[in-house]
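Topology and contacts: notes
Chain by chain, the residues run as shown.
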Amino acid sequence: MPTVAADPGPFSFDLSSTALIVIDMQRDFLLPGGFGESLGNDVKQLRRTIEPLAALLAAGRAAGLKVIHTREGHLPDLSDCPPAKLKRGSMIGQEGRFGKILIRGEYGHDIIDELAPLDGEDVVDKPGKGAFYGTDLSKILEGCTSLIVTGVTTEVCVHTTVREANDRGYECLVLADCVGSYFPEFQRVGLQMIAAQGGIFGWVADSPAVIAALEGVDK
Ligand code: TIU
C-alpha cells in the first residue's frame, strides 16, 4: 500500500479506494484580471499551485487514480444561489472580464487550461463552498474511503470540503503545495488546523511525496 510521510503521521492509501480531488481551479479565481484579482487579491498566491498540481495530475493519471474536479458556480438565473450568499457576493452573475462571474457555461467559470479535465474525469458543479453540498459527489465516490485533496482556496472551499468529507467518514490527505489561499496567514494556519489534535480533519503532506508513492505502485 502506498504510504506518504505526512503531518501528523504517515498516510497510507489504497489506489482502488482513493480519489484525487481538485477543487475550483477556475479562471475566475486564478487568472490575472479576473474576479479574484478584482477583489484586490494576489492571484500569485494561488497560481503557485498550478505547476505542482499539473505534475501530481500526471502521476495520478498514470497510476490510474480516480480524478475528480469541482467548480463553484451558479445557474444563469441564480436560482441556486442563496440570497444570503448573493448579498455578500454581489459580483456573482455580473459581467466580468471573463464572462458572467461564477456562472456555469461562462469562460471564467471553467477550469484553467493547465489543469483541464480529461475525458472521463468527473467534473462536479457545486453551488456552495463544500463539494458535497448540493452535488452527486457522494455517489461518484462510492467505493472510495480516502481523498487526496488539492485546489483553492485553502481556508474556504478546501476546508469546507475536508470538513464535509470527515463527517462522511473519508480520510483526507491535503497537499500543502497544491492548495492555495490569497492570504499567506490563512494558508499557514489553515493547514495547521487540519493536522492539529492528532489529525482532527486529516493529514498534510507535499505532492512530491505522493508522486513518489504513486510511482512506486505496481501497475
Ligand atoms: N473556491 C473557493 O474557495 N471559493 C471562494 O470563494 N474562495 C475564497 O477564498 N473567496
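Now for a description of the structure that goes with this document. Please read all numbers here as calculations on a predicted model, not as lab measurements.

**Quick look at the packing of helix 4 (residues 50–63) against helix 9 (residues 207–215)**
The description of two helices packed together rests on the angle between their axes and the distance between the axes. The geometry of helix 4 relative to helix 9 is characterised by a closest axis approach of 9 Å and an angle of 20 degrees between their N-to-C directions. Our classification of the angle between helix 4 and helix 9 gives roughly parallel. As helix 4 packs across helix 9, the resulting crossing turns out to be left-handed. Listed contacts from helix 9 to Pro52, Ala55, Leu56, Ala59, Gly60 and Ala63 of helix 4 are Ser207, Val210, Ile211 and Leu214. Its residues assigned to classes, the contact of helix 4 with helix 9 comprises 8 nonpolar, 2 polar and no charged.

**What to know about the site of the ligand**
The full set of residues close to the ligand is Asp24, Phe29, Glu72, Lys129, Val152, Thr153, Val156 and Cys157. Side-chain polar atom of Glu72 to a nitrogen atom of the ligand: 2.8 Å apart, as the coordinates give it. Its free accessible area being 280 Å², the ligand has 82% of it covered by the protein chains. Class assignment for the residues of the shell around the ligand results in 4 nonpolar, 1 polar and 3 charged.

**A word on the pattern of salt bridges**
This model, assessed by the stated rule, comprises 13 salt bridges. Residue Asp42 pairs with Lys44 through a salt bridge whose shortest N-O separation is 3.6 Å. A relative accessible area of 30% means that Asp42 is categorised as partly exposed. Among the salt bridges present, the one from Glu95 reaches Lys100, with a minimum N-O distance of 3.9 Å. The class for Glu95 is exposed, based on a relative accessible area of 57%. A relative accessible area of 34% places Lys100 in the partly exposed class. Beyond isolated ion pairs, a larger network of salt bridges with shared partners links Arg71, Asp110 and Asp125.

**Looking at helix 4**
Relative to the 20 Å expected for 14 residues at 1.5 Å per residue, helix 4 spans 20 Å between its end C-alpha atoms, a close match to the ideal helical length. Residues Ile50, Pro52, Leu53, Leu56, Leu57, Ala59, Gly60 and Ala63 constitute the buried set of helix 4. A positive phi of about 85 degrees marks Gly64, the residue just after helix 4.

**Some remarks on helix 8 (residues 184–199)**
The terminal C-alpha atoms of helix 8 lie 21 Å apart, and with 16 residues this matches the ideal 22 Å at 1.5 Å per residue to within 8%. At Met193, helix 8 is deflected by roughly 30 degrees, the largest bend along its length. Residues Gln187, Gly190, Leu191, Ile194 and Ala195 constitute the buried set of helix 8. Among the structural elements, helix 7 (154–167), strand 9 (171–180) and strand 10 (203–205) are those in contact with the buried residues of helix 8.

**Details of the side chain of Thr154**
On the secondary structure map, Thr154 appears in helix 7. Classification of Thr154 as buried rests on a relative accessible area of 0%. Here the side chain of Thr154 touches Gln187 through a polar contact of 2.5 Å, side chain to side chain.

**Let's talk about the environment of Arg168**
You can see Arg168 is positioned in the loop between helix 7 and strand 9. Given a relative accessible area of 43%, Arg168 falls into the partly exposed group. For the pair formed by Arg168 and Ser138, sequence separation is 30 residues and the distance between their alpha carbons is 8.7 Å. Beyond its immediate stretch of four places on either side in the chain, Arg168 contacts Phe132 and Ser138.

What counts, and where the lines are drawn
Residues numbered from 1 in each chain as written. Predicted model: local features only at pLDDT ≥ 70, side-chain atom pairs only at ≥ 80, totals over all residues. Heavy atoms only, no water. Axes fitted to C-alpha atoms, helices over the stretch in contact; angles between N-to-C directions. Helix = DSSP H or I, 4+ residues; strand = E, 2+ residues; numbered from the N terminus. Parallel < 35°, antiparallel > 145°, perpendicular 65-115°, else oblique. Left-handed = near helix turned anticlockwise from the far one by under 90°. Contact = heavy atoms within 4.5 Å. Nonpolar A, V, L, I, M, F, W, Y, C, P; charged D, E, K, R; others polar. Near = heavy atom within 4 Å. Polar contact = N/O pair within 3.5 Å; in protein donor to acceptor, adjacent residues only side chain to side chain. Areas by Shrake-Rupley, 256 points an atom, 1.4 Å probe, with all protein chains shown as cover. Salt bridge = Lys/Arg side-chain N within 4 Å of Asp/Glu carboxyl O. Buried < 20%, exposed > 50% of the residue type's maximum accessible area, 1.4 Å probe, protein only. Expected span 1.5 Å × (residues − 1). Bend = angle between axes of the 7 residues up to and from the residue.

Bear in mind that shape data such as this cannot, by itself, settle questions of function.
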